[in-house]
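A closer look at the structure
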Amino acid sequence: MDLKSAWLATRQWVPFSLRTMAYGTVSLTLGPLTPQRSASLWAMRRWCQASARGLDIEIQASGLENVPPGVFVYSSNHQSVLDILVLGAVLPGDFKWAAKRSLMKIPFLGWHLKLAGHVPVDRTVGSRAAVEAIARFEQVLRNGKPLLVFPEGTRSEDGVLRQFKNGGFYAAVRAGVPVVPVALDGTHLLMKKGAIDTGDGTMRVVRVRVGAPIAVRPDGREGARVNDLRDRTHAAVSELLRSIGGRVEAPAGAAAASEPPAGGVQTEQAPG
């Protein structure tokens, strides 16, 4: 690591860490004392917004009027570890997302994730881990909270939208709630995998667009309803992504349809 990179990383991440400690303390101390842990939600939102500014990110969001009241699943494409920070700054609702179980042990950040009810997931390959994760997703929805999933399953290093996996759509079908498609573009240019900073201090634009809710098909076998919901959501996210300048992978034919039913656990590393 050269001197310039070290300076950029220090300039960005030292304030980020201090901000995380400050807002984490608010969440941990006041969250349990407020109805529905509203202080924790406030701290999360302010942390995301302040951190975006601190990392020189300008967020342009549109379509927020499409977000329905009540319980639903946000389904977003995934370009960077910064996506949670960006979406947390603009998406309404006390939504929960899946985070690696190891993140729950990180001081302040992990403590907040656990307190606020985000979903711990083991990134273990296998049907048992997938089934357990889907059950946790369902529980979030049945507890009356929106859920955020990244159905590509991992970050896209080049920003191109990939095919979707099924996990979050099983939860939506079983809970009988709609899916709200979300597209974001630009975060893959800010911090690629392995990078230690987000750039040279120039403000960069990230665009977020929210589409209309997509209802679960009311009849038919569960697997067919899941595939139908997944495919309609992918088409919606594709259209939204193209409308804000993003790119979409060419269809993979029958590859997605042949996916095992319980596949597609989505986890996310929160920033930091």
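Shown above is the structure to which this text applies.
The paragraphs below set out a description of the structure included in this document. (Residues numbered from 1 in each chain as written. Predicted model: local features only at pLDDT ≥ 70, side-chain atom pairs only at ≥ 80, totals over all residues. Heavy atoms only, no water.)

1. With respect to helix H6 (residues 167-175)
We count it as follows: Think of it in three bands: with a 1.4 Å probe and only protein chains considered, a residue is buried below 20% of the maximum accessible area for its type, exposed above 50%, and partly exposed in between. Each helix corresponds to a stretch of at least 4 residues labelled H or I by DSSP, and each strand to a stretch of at least 2 residues labelled E; elements are numbered beginning at the N terminus. What makes two residues a contact is simply this: any of their non-hydrogen atoms within 4.5 Å.
The element H6 is largely enclosed, with a buried count of 7 among its 9 residues. Along H6, the residues classified as buried are Gly-167, Gly-168, Phe-169, Tyr-170, Ala-171, Ala-172 and Val-173. For H6, the secondary structure elements touched by its buried residues are strand E2 (73-76), helix H5 (127-142), strand E5 (147-149), strand E7 (179-185) and helix H7 (222-243).

2. A closer look at unusual backbone geometry
Phi is positive for Gln-36, close to 55°, though the residue is something other than glycine. The phi dihedral of Asp-56 falls on the positive side, at around 65°, and the residue is not glycine. Tracing the chain through its elements places Asp-56 in the loop between helix H2 (38-54) and strand E1 (57-62). By relative accessible area, Asp-56 is classed as buried at 8%.

3. Things to note about the packing of H6 against H7
To be explicit about the condition: Only the stretch in contact is used when a helix axis is fitted, and all axes are lines through C-alpha atoms; the angle between N-to-C directions ranges over 0 to 180 degrees. Crossing chirality is assigned from the near helix's rotation relative to the far helix, an anticlockwise turn below a right angle marking it left-handed and a clockwise turn marking it right-handed. Classes in brief: Ala, Val, Leu, Ile, Met, Phe, Trp, Tyr, Cys and Pro nonpolar; Asp, Glu, Lys and Arg charged; the others, Gly included, polar.
Their axes nearest at 9 Å, the elements H6 and H7 cross at an angle of 120°. Note on packing geometry: the crossing formed by H6 with H7 is right-handed. Between H6 and H7, the contacting residues are Phe-169, Tyr-170, Ala-172, Val-173 and Arg-174 on the first element and Glu-222, Gly-223, Arg-225, Val-226, Leu-229, Arg-230 and Thr-233 on the second. Counted by class, the contact of H6 with H7 contains 6 nonpolar, 2 polar and 4 charged residues.

4. With respect to the sheet that holds strand E8 (residues 204-210)
What counts is decided by this rule: Strands were regarded as paired on the criterion that DSSP finds at least two bridges between them.
Here we have 7 strands laid out as an open sheet, ordered E1-E8-E7-E2-E5-E3-E4, and mixed in their pairing. Sheet topology places E1 and strand E4 (119-121) at the edges, where each strand pairs with a single neighbour. Taking the axes of each pair of neighbouring strands and ignoring which way they run, one obtains an average angle of 30° across the sheet. Looking at chain direction, E2 and E5 are connected through 3 bridges and run parallel. Within the sheet, the bridge partner assigned to Tyr-74 lies in E5 and is Leu-148.

5. Details of the packing of H5 against H6
Packed helix pairs are characterised by how far apart their axes lie and by the angle those axes make with each other. Our working definition: Reported orientations rely on four angle classes, namely roughly parallel under 35 degrees, roughly antiparallel over 145, roughly perpendicular from 65 to 115, and oblique for the rest.
It is at 9 Å that the axes of H5 and H6 come closest, and there the two elements cross at 45°. As the angle between them shows, H5 and H6 are arranged oblique. Considering how the two elements wind past one another, H5 and H6 form a crossing that is right-handed. Contacts between H5 and H6 involve Ile-134, Phe-137, Glu-138, Leu-141 and Arg-142 from the former and Gly-167, Gly-168, Tyr-170, Ala-171, Ala-172, Arg-174 and Ala-175 from the latter. Looking at the contact of H5 with H6 residue by residue, the class counts come to 7 nonpolar, 2 polar and 3 charged.

6. Notes on the environment of Arg-136
Within the secondary structure layout, Arg-136 lies in helix H5. Among the residues examined, Arg-136 registers a relative accessible area of 25% and is labelled partly exposed. As for Arg-136 and His-118, which are separated by 18 residues in sequence, their C-alpha atoms are 9.6 Å apart. When sequence neighbours within four positions are dropped, the list of residues in contact with Arg-136 reads Arg-101, Val-119, Pro-120 and Val-121.

7. Describing the pattern of salt bridges
The line we're drawing: Any carboxyl oxygen of Asp or Glu within 4 Å of a side-chain nitrogen of Lys or Arg constitutes a salt bridge here.
In the structure shown here, the tally under the stated rule is 9 salt bridges. Between Glu-138 and Arg-174 there is a salt bridge, with the nearest N and O atoms lying 3.5 Å from each other. You can see Glu-138 sitting in helix H5 and its partner Arg-174 sitting in helix H6, a full 36 residues away along the chain. Where salt bridges share partners, they join Glu-138, Arg-142, Arg-174 and Glu-222 into one cluster.

8. Some thoughts on the nonpolar core
This is how it is decided: Residues belong to a common nonpolar core when they are buried Ala, Val, Leu, Ile, Met, Phe, Trp, Tyr or Cys residues joined through side-chain atoms within 4.5 Å.
With 39 residues, the main nonpolar core has Ile-57, Tyr-74, Leu-87 and Leu-148 as its most contacted residues. Put simply, the parts of the chain that give this core at least two residues each are helix H1 (3-30), H2, helix H3 (83-90), strand E3 (96-100), helix H4 (109-116), E7 and E8. Filtering out sequence-adjacent residues up to four positions away, Leu-148 remains in contact with Tyr-74, Ser-76, Ile-84, Leu-87, Phe-95, Lys-96, Trp-97 and Ala-98. If you look at the next biggest cluster of nonpolar residues, it comprises 31 residues, including Val-140, Val-177, Val-216 and Leu-240.

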